[in-house]
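Residue-level listing of the chains:
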Amino acid sequence: MAKYISTYACQINYSTERQSWMYATDNLPDFNDMMNEVKKWSNQNNKYLIRHTITHNLLLMGKTRSGKTTIAKVIENPCYMPPDGKIYSETKQITIHSVSTALINSNSIYSLNIIDTPGMFDKVKQQNKTIKNDKIKRSIDKCMEQDVTNIHLFAFVINLQTNLDIEDIYSMIFVKEKYPFLHEYICLIVTHAEETNWQQREDKINDFFQSDLVQKNNLKGFFGKKIFFMGSLRPELVNYPNKQSVCQQIKNVHQMRDIFMDYIIHLDPTNYFNIHRVNMPNNCQIL
């Protein structure tokens with residue numbers, strides 16, 4: 001049966017193409033002209049167009065309720081609206097969001113693995129500035145099991161919508177002091193920025209970096225200029241629909257998302273951090 005169908009399909013193609021260049025009489029075809037026609041015909045009939053794929057791995061880390069999962073969802077869908085905030089985070093284990101995108105007039109497909117982690121830095125001892133690593137190790141082990149160990153970008157996520165959180169600062173200090181080699185691969189993402197303009201965002205992050213504790217530990221130098229803002233449509237719109245608000249929010253979301261995605265896809269795919277290269281007493285506690 002399969003052979004019959006294949007032959008029938010071939011006959012159909014043959015009958016519909018008798019008038020094409022392939023069936024024209026030409027005893028001495030010019031090679032270049034011939035190949036141009038071949039490529040033209042192939043492009044028109046190529047069912048499986050192959051494009052070069054460029055893959056980047058992004059790992060989101062930060063405190064519970066900082067907006068890590070929302071970032072992953074907004075990258076997938078800029079119209080994503082998170083549910084009303086709950087007391088406890090629903091991200092209990094490593095989750096990998098795999099998405100792909102193609103720029104207009106580009107022959108490449110950009111694949112992005114967004115590694116969403118549980119709230120790794122919500123247990124901070126302010127006395128000695130250390131972090132309980134049991135949850136961290138479980139998350140990293142899970143990451144290793146899924147073989148996503150080449151990280152092109154670590155993103156530390158904070159929410160500056162509310163007052164300055166001292167645990168956020170101590171968490172950043174922990175990462176900077178214990179893993180200074182992440183400087184090249186880490187960025188800072190400020191969430192809940194959908195209702196602010198650029199000047200308000202700049203003022204907010206400048207106030208953060210002018211904090212005495214932040215300045216003392218040179219956290220601005222650690223993150224460098226790799227600071228991004230992200231946001232999402234507000235869940236309050238469900239109960240209080242407002243056209244002016246939703247227009248402002250979706251424009252801001254798209255603009256911030258575009259800037260962040262432009263940065264990611266232009267990262268060198270061969271320049272990544274491999275957690276297996278770290279020789280530490282507690283295996284792979286990179287975070």
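Calculation notes
- Residues numbered from 1 in each chain as written.
- Predicted model: local features only at pLDDT ≥ 70, side-chain atom pairs only at ≥ 80, totals over all residues.
- Heavy atoms only, no water.
- Pairing = 2+ DSSP bridges.
- Helix = DSSP H or I, 4+ residues; strand = E, 2+ residues; numbered from the N terminus.
- Axes fitted to C-alpha atoms, helices over the stretch in contact; angles between N-to-C directions.
- Contact = heavy atoms within 4.5 Å.
- Buried < 20%, exposed > 50% of the residue type's maximum accessible area, 1.4 Å probe, protein only.

J.: Describe the sheet that holds strand β7 (residues 153–159), listing the residues and the values that go with them.
T.: Read from one edge to the other, the open sheet built from six strands follows the order β2-β3-β1-β7-β8-β9, with strand pairing classed as mixed. Of all strands in the sheet, those bounded by a partner on one side alone are β2 (95–101) and β9 (227–229). Neighbour-to-neighbour, the strand axes of this sheet turn through a mean angle of 25 degrees, independent of strand direction. Across nine bridges, the pairing between strand β1 (residues 52–62) and strand β3 (residues 108–116) is parallel. Bridge pairing in β3 links Ile 54 to Tyr 110. Most of the contacts of helix α5 (residues 166–178) go to β7, to which it runs at about 160 degrees, and overall it touches β7 and β8 (186–191). In the packing of helix α6 (residues 198–209) onto the sheet, the strands contacted are β7, β8 and β9, and the crossing angle to β9 comes to about 135 degrees.

J.: Describe unusual backbone geometry, with residues and values.
T.: In this model, His 192 sits at a positive phi of 60 degrees, which is unusual for a non-glycine residue. Among the structural elements, His 192 can be located in the loop between β8 and α6. Among the residues examined, His 192 registers a relative accessible area of 26% and is labelled partly exposed. With phi around 50 degrees, Asn 218 is a residue other than glycine that occupies positive phi space. Among the residues examined, Asn 218 registers a relative accessible area of 46% and is labelled partly exposed.

J.: A description of the environment of Gly 62 should follow, citing residues and the corresponding values.
T.: Relative to the assigned elements, Gly 62 resides in strand β1. Sequence-wise, Gly 62 and Ser 171 are 109 residues apart; in three dimensions their C-alpha atoms are separated by 8.1 Å.

J.: Tell me about the pairing of β8, residues and numbers included.
T.: Along β8, six of the six residues are buried, which leaves the element largely enclosed by surrounding structure. Where burial is concerned, the two faces of β8 agree: the one with Ile 186, Leu 188 and Val 190 and the one with Cys 187, Ile 189 and Thr 191 are both buried. Across six bridges, the pairing between β7 and β8 is parallel. Of the residues in β8, the one forming a bridge with Phe 154 is Ile 186. The pairing of β8 with β9 spans three bridges and is parallel. Paired with Leu 188 across the strands is Ile 227, a residue of β9.

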